[in-house]
Amino acid sequence: MERISKALDKALANQTTFNVGDLQPLNQGSVRAPRIQYSRTQSVGVSRELLRQNRIISGMEPGPFVDAYKILRTRVIQKLREHNWNALAITSPGVNAGKTLTAINLALSLALEVNQTVLLVDANLRNPSVHKYFGIEPTHGLSDFLLDHVSIEDMLINPKGIDRFVILPGKRPLPDSSEMLSSPRMIELVEEVKSRYPSRIVLFDLPHLGTSDALAFAPYVDAALLVLEEGKTTQDELQQAIEHLQPKPIIGTVLNKAEAGSAGEL
């Protein structure tokens, strides 16, 4: 824990970061958006029990786990609105830090509580897995868009019953994922999904920073969120991650897999 605290202090000194003490109500005075009826986007039924087993907040009862993501959501949305950003990359210094689960639950929390839509793009072309958390077998995915010119509309999936939340799955891994993520076709997709709906927040689940993929893709998003693993992520790894991402803004860090009550959780 001590080494993470020191690393976070370093991050705090150099980046824009969250401060739980500044939390403010998110939807004060706002009105919930009407339910969206999807016409082109495929709507797929999902098992609430599977969501619960996979620790997806849409399958869980209210409690500390769900509340933690609400805190993270509040901090993230404040930073995005402050800078008029709508494209955020989720990555981590190393493997198995829990970034994909963090990206999913952050996206769901944003979609459930704010008056805007959320698109979660599975941009981990080494190991696309977002769809597996929902038990979905996509017909098309990002790999098909990049290689076979499948349209964006044909890839989008709304897990039935979860309003304002859409997945763009990766579907299948690509061996040349780094080149694909920095290709003109991928840049075209990013510009399209960022600009089509002004009120939409787009989250990109990227590979960890030990690969070249995240670095190749980072220039095309507005900012990044780093997921750290308690007891595993070292100060050197965090420092290297921050340096690798410069000059891309890092809006904060999430300390994942921390024991209850540990300082720095979410």
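Since the structure is predicted, the reported quantities are computational estimates derived from the model, not experimental observations. (Residues numbered from 1 in each chain as written. Predicted model: local features only at pLDDT ≥ 70, side-chain atom pairs only at ≥ 80, totals over all residues. Heavy atoms only, no water.)

Summing up its helical and strand segments, the protein has 10 helices and 8 strands in all. Across the 266 residues of the protein, 53% fall into the buried class. Put simply, of all contacts in the protein between residues at least 6 apart along the chain, 81% involve residues at least 24 apart. Summed over its atoms, the accessible surface of the protein is roughly 12,000 Å², and 48% of this surface lies on carbon and sulfur atoms. (Helix = DSSP H or I, 4+ residues; strand = E, 2+ residues; numbered from the N terminus. Buried < 20%, exposed > 50% of the residue type's maximum accessible area, 1.4 Å probe, protein only. Contact = heavy atoms within 4.5 Å. Areas by Shrake-Rupley, 256 points an atom, 1.4 Å probe, with all protein chains shown as cover.)

Moving on: empty space enclosed by the protein. Evaluation of the coordinates by the stated rule reveals 1 cavity of 30 Å³ or more. For the largest cavity, the calculated volume is near 40 Å³. If you go around the largest cavity, the residues you meet are Ile 152, Leu 156, Glu 192, Val 193, Arg 196 and Arg 200. Of the residues assigned to the lining of the largest cavity, the class counts are 3 nonpolar, no polar and 3 charged. (1 Å grid on protein atoms, 1.4 Å probe; cavity = no way out; pocket = protein on both sides within 12 Å on 5 of 7 lines; lining within 4 Å. Points joined across faces, edges and corners; volume = space filled by probe spheres on them. Nonpolar A, V, L, I, M, F, W, Y, C, P; charged D, E, K, R; others polar.)

Now for the packing of aromatic side chains. Within the structure shown, the criterion is met by 4 aromatic pairs. Here Phe 134 and Phe 165 contribute two aromatic rings whose centre-to-centre distance is 5.9 Å and whose plane-to-plane angle is 35 degrees, an arrangement assigned as tilted. Linking Phe 134 in the loop between helix H5 (130–133) and helix H6 (142–148) with Phe 165 in strand E5 (residues 165–168), this pair joins segments that are 31 residues apart in sequence. Note on Phe 134: relative accessible area 1%, which makes it buried. (Phe/Tyr/Trp six-rings, centres within 6.5 Å; stacked < 30°, edge-to-face > 60°.)

Moving on to the confidence of the model for the protein. Here the protein averages 85 in pLDDT, and 82% of its residues register 70 or above. Across residues 12–31, where pLDDT falls below 50, the model places 39 contacts with residues more than four positions away in sequence or in other chains. Here residues 262–266 is a poorly scored stretch, pLDDT under 50, and it has 15 contacts once near neighbours within four places are set aside; other chains count. (pLDDT = per-residue confidence, 0-100.)

What follows is about unusual backbone geometry. The phi torsion of most residues other than glycine is negative, and most of the peptide bonds are trans. Going from Gln 246 to Pro 247, the amide bond is cis rather than trans, its omega being 10 degrees. Take Pro 247: it is sitting in the loop between helix H10 (235–245) and strand E8 (250–256). Even without glycine at this site, Asn 96 takes up a positive phi of about 60 degrees. Mapped onto the secondary structure, Asn 96 falls in the loop between strand E2 (87–91) and helix H4 (99–113). Classification of Asn 96 as exposed rests on a relative accessible area of 60%.

What follows concerns the nonpolar core. Burial of nonpolar side chains together is a common tendency in soluble globular proteins. Judged by nonpolar contacts, the single largest core of 40 residues is most densely connected at Leu 142, Leu 168, Leu 189, Phe 204 and Leu 226. What Leu 142 contacts, discounting residues up to four positions off in sequence, is Val 121, Asp 122, Ala 123, Leu 125, Met 155, Leu 168, Pro 169, Gly 170, Met 186 and Leu 189. (Core = buried A, V, L, I, M, F, W, Y, C linked by side-chain atoms within 4.5 Å.)

Moving on, we get to helix H3 (residues 64–83). Spanning 20 residues, H3 covers 29 Å between terminal C-alpha atoms, matching the ideal 28 Å at 1.5 Å per step. Along H3, the residues classified as buried are Val 66, Ala 68, Tyr 69, Leu 72, Arg 73, Thr 74, Arg 75, Val 76, Ile 77, Lys 79 and Leu 80. Directly after H3, the chain includes Asn 84, whose backbone phi takes a positive value near 55 degrees. (Expected span 1.5 Å × (residues − 1).)

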